[in-house]
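These are the residues of each chain, in order.
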Amino acid sequence: MLGKSPAWQDVDGACSGYLVEDDATRLLVDCGSGVFSKLRGVCDYTDVDGVVITHMHPDHFFDLVPYACALTYGPRGHGGRRGGHDGAVSPQLLVPSGATSFLNTLTVVGGQPRLLDGAFAISEYDAALPARVGSLELRFQPVPHYVPANAVDVRCAAGGRFTFGADHGPTDALDEFAAGTDLLFLEATLPAPEPDGQRGHLTAGEAGEHAARCGARRLVLTHISDELDGDWALDEARRSFAGPVEVARAGAVYEI
Ligand SMILES: [Zn+2]
Ligand SMILES: [Zn+2]
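Here's a quick rundown of the structure. (Residues numbered from 1 in each chain as written. Chains lettered and ligands numbered in written order. Predicted model: local features only at pLDDT ≥ 70, side-chain atom pairs only at ≥ 80, totals over all residues. Heavy atoms only, no water.)

Concerning the overall build of the chain
Right, so step 1: Each helix and strand counted, the chain has 8 helices and 12 strands in total.
Right, so step 2: With the C-alpha coordinates of the chain rotated into their principal frame, the extents come out at 55 × 40 × 35 Å.
Right, so step 3: Counting over 256 residues, the chain shows a buried share of 52%.
Right, so step 4: Of the contacts made within the chain by residues no fewer than 6 positions apart, 60% connect residues no fewer than 24 positions apart.
Right, so step 5: Working note: accessible area of the chain is about 11000 Å², and carbon and sulfur atoms make up 51% of it. (Helix = DSSP H or I, 4+ residues; strand = E, 2+ residues; numbered from the N terminus. Buried < 20%, exposed > 50% of the residue type's maximum accessible area, 1.4 Å probe, protein only. Contact = heavy atoms within 4.5 Å. Areas by Shrake-Rupley, 256 points an atom, 1.4 Å probe, with all protein chains shown as cover.)

In structure tokens:
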């Protein structure tokens, strides 16, 4: 758990960022503001095999920029020459459909039009199809949010599963997608449901309801501010989810 903050960081916290590892592969799920610093605290950023972005909100992708700078200008970077300079291999970067032009616009505005493209091996994923990063198999599920967003399910070769809902309002789309997952991270952003308009986030109580419907083995409430009461959030989730549940804590490690 590199970062669990919502769109504004906790004190000393980072936005969305989860490092998933098995014996062969390191995958970073989301790379929001502050995540690159946290990543550096737990592993060598040149040893990450891939990054997958759930949706194009700043709290889920903004730290791709410093990450790309490190790969390009850092002493162990590859000079922006993608794919094997001095033995370095660019991490895969899997982004939602249409996000490549979005990222290019961002870096053009910043005066470095090739920054991300030179640092990462970028590809857009089709949410209807599985993808692979090393030994990890990824599946996606579109979820209702203010921009196109995708839950992601990561399965390692040994069979363990981690599922992250990304940002989303109430939906039954996760019921089957996340059914029986070993470890479910669901957002719990809101103290109360949005009073009107499109739903784009969950309360802790709603996260518990979703986890119960999925039959998740374990639930972690994430995308939750340190300005919310964690004990209250746990109580809310436990109203409907009988399994183990905890509030995300940056630096926590979960074994599957
Ligand atoms: Zn979002
Ligand atoms: Zn978010």
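Description of the nonpolar core
Right, so step 1: In terms of nonpolar packing, the biggest core is built from 27 residues, with Leu28, Leu39, Val51, Ile53, Leu64, Tyr67 and Phe120 touching the most fellow members.
Right, so step 2: Secondary-structure elements contributing two or more residues to this core are helix 1 (35–42), helix 3 (64–73), strand 4 (92–95), helix 4 (99–109) and helix 5 (115–119).
Right, so step 3: At 5 residues, the largest contribution of residues to this core is made by helix 3.
Right, so step 4: With residues up to four places along the chain from it excluded, the contact list for tyrosine 67 reads Leu28, Cys31, Phe36, Leu39, Tyr45, Val48, Val51, Pro91 and Phe120.
Right, so step 5: Residues Met1, Phe140, Phe162 and Leu183 belong to the second largest nonpolar core, which totals 25 residues. (Core = buried A, V, L, I, M, F, W, Y, C linked by side-chain atoms within 4.5 Å.)

Some remarks on the pairing of strand 9 (residues 161–164)
Right, so step 1: Because side chains alternate across strand 9, one face comprises the buried residues Arg161 and Thr163, and the other comprises Phe162 and Phe164, equally buried.
Right, so step 2: Note: strand 8 (residues 149–155) against strand 9, 4 bridges, orientation antiparallel. If you follow valine 152 over to strand 9, its bridge partner there is phenylalanine 164.
Right, so step 3: Turn length for the strand 8-strand 9 hairpin, with the two strands adjacent in sequence and antiparallel, is 5 residues, and the turn residue glycine 159 shows positive phi of about 110°.
Right, so step 4: Bridge analysis of strand 9 against strand 10 (residues 183–187) gives 3 bridges, and the strand direction is parallel. (Pairing = 2+ DSSP bridges.)

Re the sheet that holds strand 3 (residues 50–52)
Right, so step 1: What the 5 strands build is an open sheet, ordered 1-2-3-4-5; its pairing is mixed. Each end of this open sheet is capped by a strand with a single partner; those strands are strand 1 (18–21) and strand 5 (121–124). In this sheet, neighbouring strand axes are inclined to one another by 20° on average, regardless of whether the strands run parallel or antiparallel.
Right, so step 2: Direction of pairing for strand 1 relative to strand 2 (residues 26–29): antiparallel, over a ladder of 4 bridges. Following the sheet pairing, tyrosine 18 is matched in strand 2 by valine 29.
Right, so step 3: Contacts from helix 4 reach strand 4 and strand 5, with the element oriented near 110° to strand 4. (Axes fitted to C-alpha atoms, helices over the stretch in contact; angles between N-to-C directions.)

Focus on the coordination of the zinc ion (ligand 2)
In ideal tetrahedral geometry, four donors around a metal make angles of 109.5 degrees, whereas ideal octahedral geometry with six donors gives angles of 90 or 180 degrees.
Right, so step 1: Coordination of the zinc ion (ligand 2) by the protein comes from Asp59 (OD), His60 (NE2), Asp167 (OD) and His223 (NE2), over a distance range of 2.1 Å.
Right, so step 2: One way to put it: the 4 donor atoms around the zinc ion (ligand 2) meet at angles of 91 to 160°, and that makes the site irregular. (Donors = N, O, S within 2.8 Å, 3.2 Å for Na, K, Ca; no water. Tetrahedral: all angles 85-135°; square planar, octahedral: opposite > 155°, others 65-115°.)

Quick notes on the coordination of the zinc ion (ligand 1)
Right, so step 1: For the zinc ion (ligand 1), every protein donor is listed as His55 (NE2), His57 (ND1), His145 (NE2) and Asp167 (OD), and the spread of their distances is 2.1 to 2.4 Å.
Right, so step 2: Viewed at the metal, the 4 donor atoms of the zinc ion (ligand 1) are separated by angles of 91 to 161°, and the geometry they form is irregular.
Right, so step 3: Sequence spacing of the donors to the zinc ion (ligand 1): H-x1-H-x87-H-x21-D.
Right, so step 4: Distance-wise, the zinc ion (ligand 2) is placed 3.5 Å from the zinc ion (ligand 1), both being coordinated by aspartate 167. Residue histidine 57 is located in the loop between strand 3 and helix 2 (58–61), and its partner histidine 145 is located in the loop between strand 7 (136–143) and strand 8; the two are separated by 88 residues in the primary sequence.
Right, so step 5: With a relative accessible area of 5%, histidine 145 lands in the buried category.

Some thoughts on the packing of aromatic side chains
Right, so step 1: Tallied over the full model, the rule gives 11 aromatic pairs.
Right, so step 2: On the basis of an interplanar angle of 75° and a centroid distance of 5.2 Å, the ring pair of tyrosine 18 and phenylalanine 185 is categorised as edge-to-face. With tyrosine 18 in strand 1 and phenylalanine 185 in strand 10, this residue pair connects regions lying 167 residues apart in the sequence.
Right, so step 3: For tyrosine 18, a relative accessible area of 2% gives the class buried.
Right, so step 4: Plain terms: the ring middles of phenylalanine 61 and phenylalanine 62 are 5.4 Å apart, the flat faces sit at 85° to each other, and that makes the pair edge-to-face.
Right, so step 5: Three or more aromatic residues joined by ring pairs make a cluster, and in this case those are Tyr18, Phe162, Phe164, Phe185 and Tyr254. (Phe/Tyr/Trp six-rings, centres within 6.5 Å; stacked < 30°, edge-to-face > 60°.)

Overview of the side chain of aspartate 59
Right, so step 1: Along the chain, the position of aspartate 59 falls in helix 2.
Right, so step 2: This buried residue, aspartate 59, is left without a salt bridge; lysine 4 holds the nearest opposite charge, at 12 Å.
Right, so step 3: Polar side-chain contacts of aspartate 59 include one of 3.0 Å to the side chain of histidine 223.
Right, so step 4: Apart from residues lying up to four places away in sequence, aspartate 59 is in contact with Pro6, Ala7, Cys15, Ser16, Gly32, Ser33, Asp167 and His223. (Lys, Arg positive; Asp, Glu negative; His and termini not counted. Salt bridge = Lys/Arg side-chain N within 4 Å of Asp/Glu carboxyl O. Polar contact = N/O pair within 3.5 Å; in protein donor to acceptor, adjacent residues only side chain to side chain.)

Purely geometric stuff here, so don't read any function into it on its own.
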